[in-house]
Amino acid sequence: MSNKMWGGRFGSGPDPIMEDINVSIDVDRHLYRQDIAASKAHAAMLAKQGIIPAQDAKQIAHGLDTILSEIESGKFAFKRALEDIHMNVESRLAELIGPAAGRLHTARSRNDQVATDFRLWVRDAIDEIDAALAAYQRALAEKALAHAATVMPGFTHLQPAQPVTFGHHLLAYVEMAARDRGRFADARGRLNENPLGAGALAGTSFAIDRAMTAKALGFARVMANSLDAVAARDFVLETLAACAITAAHLSRFAEEIVIWSSPLTGLIRLSDKFTTGSSMMPQKRNPDAAELVRAKTGRIIGALVGLLTVIKGLPLAYQKDLQEDKEGAIDAIAALNLSLAAMTGMVRDMEPDAARMQEAAGEGYSTATDLADWLTRALKVPFREAHHIAGRIVAKAAEANVPLDKLPLPLMQAIEPRITKAVFGVLSVANSVKSRSAYGGTAPSNVRAQAKRWLKRLEKKQ
Ligand code: ARG
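All of these numbers come straight from a predicted model, not from anything done at the bench.

## Here we look at the packing of helix H6 (residues 110-146) against helix H7 (residues 166-191)
As a packed pair, H6 and H7 sit with axes 9 Å apart at the nearest point and diverge in direction by 165°. Classified by the angle between their axes, H6 and H7 sit roughly antiparallel to one another. In the packing of H6 onto H7, the handedness of the crossing is left-handed.

Below, the structure written as structure tokens:
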């Protein structure tokens, strides 16, 4: 049997392989809420414009509400033969209300319909991700406030570089997440416009009111070009780009969690809730959640690259290739939400080993910069020369196999006679971080102020 929605000119039904490659209901069923909302807005507009009878529009709205509750209660029978969410809904509507259902598709195509549905879906997804990012920021800022003065090694090249505080390190991720949220907000602002009414590609001859459907669906404006309205998918690309960057940020942190929780560094302890055991090695506590966050970045970046590849070289306007826009995006967004929830849980539960951090923070002559700064400040030695002197003192400490603050003063004076015992005031890890009080630095007072600023801001916004 040929398709009852579009089969007028067809003599036979599709080959089973054709049906398999063409069907999208398994993916676009996720869009049922948006599809029904858009259809309700469309029907109400058609009635107000006198394009369909008000009585029919009422029946349509009623039938669509019934379908919504059927889907939400799991009673709706999705049919693969009906291809996609649009035709599944419309076909059920005909069963429920009869011929009036046939008026719903006036002045509309599945091309503007799917563009509308997916914009609405992505908009909702962005709102959900934004809330998850805010919760993640809050967990980080709370932990940062509690550990504003907990010192740890700061790294460059993964070598101990200068001591920092654990709170300062965590707040770096709060800043990144803020920019991530900004990217999603920008994408949301650009995507929030109404494609409905573009028809298949050329617009419509009916006297529709696109501003009315825009308002009903919460769109800020109407898309001005019908070809663009049905063919554009940069709103998905932008959102996926924001997802990919966010995932990359989460993955950097996840990698640090893996390193920090390894007994080789022993800097933090993850909770039992976010670790797993080994079936063979009874002693193991593996940071699987962090590893999986790191790995899920692959499929999220993959979704972006996949869709870019689909779009590249597609002529205007709608091509069926565009149906491949949803699966990767829906998967990537689910993966990102799960990653954010896992990271938020891990952050809330993680406990630094303050003693081990303190010890590690002093390893590797990490206060050598403080020594050079002291020579510059106290002895007025030009910094380049101070750097050289400090380097020679580090070599001396390495030779004596002692940390910098345990190197006897006479040995330092053998290299620079003007050094006094006042130098020991800057060689401790605690004094090193305390001294970095210029704006943006790791001083506990700064970290406390920044953590509080963030917590206040996050409380106000949501
Ligand atoms: N399932 C389609 C999609 O996701 C809906 C639009 C189909 N339009 C068409 N002319 N076949 O893109």
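On we go.
## Notes on the packing of aromatic side chains
This model, assessed by the stated rule, comprises 6 aromatic pairs. Note on Phe-76 and Phe-78: the rings are 4.8 Å apart at their centroids and 55° apart in plane angle, and the pair reads as tilted. In this structure Phe-78 comes out as partly exposed when scored by relative accessible area, which is 22%. Of the aromatic side chains, those joined through ring pairs into one cluster are Phe-166, Tyr-173, Phe-253 and Trp-260.

## Re the pattern of salt bridges
If you walk through the whole model with that rule in mind, you get 29 salt bridges. A salt bridge links Arg-285 to Asp-272, with the shortest nitrogen-to-oxygen separation between them at 2.7 Å. With a gap of 13 residues between them, Arg-285 in the loop between strand E5 (268-269) and helix H11 (288-311) and Asp-272 in the loop between E5 and H11 connect regions that are remote in the sequence. The exposure class of Arg-285 is partly exposed, given its relative accessible area of 33%. What makes Asp-272 exposed here is its relative accessible area of 59%.

## Describing a nonpolar patch on the surface
On the surface, Leu-201, Leu-227 and Leu-316 cluster together into a nonpolar patch covering about 270 Å² of accessible area. Note that Leu-227 resides in helix H9 (residues 226-231).

## Section: the site of the ligand
The environment of the ligand is formed by Ser-24, Asp-28, Asp-84, His-86, Arg-110, Asn-111, Val-114, Tyr-318, Lys-320, Gln-323 and Lys-326. For the ligand, the accessible surface in isolation is 340 Å², of which the surrounding protein chains cover 86%. Top element by residues in the shell around the ligand is H6. It accounts for 3 residues. Residues of the shell around the ligand, tallied by class, amount to 2 nonpolar, 4 polar and 5 charged.

Definitions and cut-offs
- Residues numbered from 1 in each chain as written.
- Predicted model: local features only at pLDDT ≥ 70, side-chain atom pairs only at ≥ 80, totals over all residues.
- Heavy atoms only, no water.
- Axes fitted to C-alpha atoms, helices over the stretch in contact; angles between N-to-C directions.
- Helix = DSSP H or I, 4+ residues; strand = E, 2+ residues; numbered from the N terminus.
- Parallel < 35°, antiparallel > 145°, perpendicular 65-115°, else oblique.
- Left-handed = near helix turned anticlockwise from the far one by under 90°.
- Phe/Tyr/Trp six-rings, centres within 6.5 Å; stacked < 30°, edge-to-face > 60°.
- Buried < 20%, exposed > 50% of the residue type's maximum accessible area, 1.4 Å probe, protein only.
- Salt bridge = Lys/Arg side-chain N within 4 Å of Asp/Glu carboxyl O.
- Patch = residues over 30% accessible without salt bridge, like charges linked within 9 Å, V, L, I, M, F, W, Y side chains within 5 Å.
- Areas by Shrake-Rupley, 256 points an atom, 1.4 Å probe, with all protein chains shown as cover.
- Near = heavy atom within 4 Å.
- Nonpolar A, V, L, I, M, F, W, Y, C, P; charged D, E, K, R; others polar.

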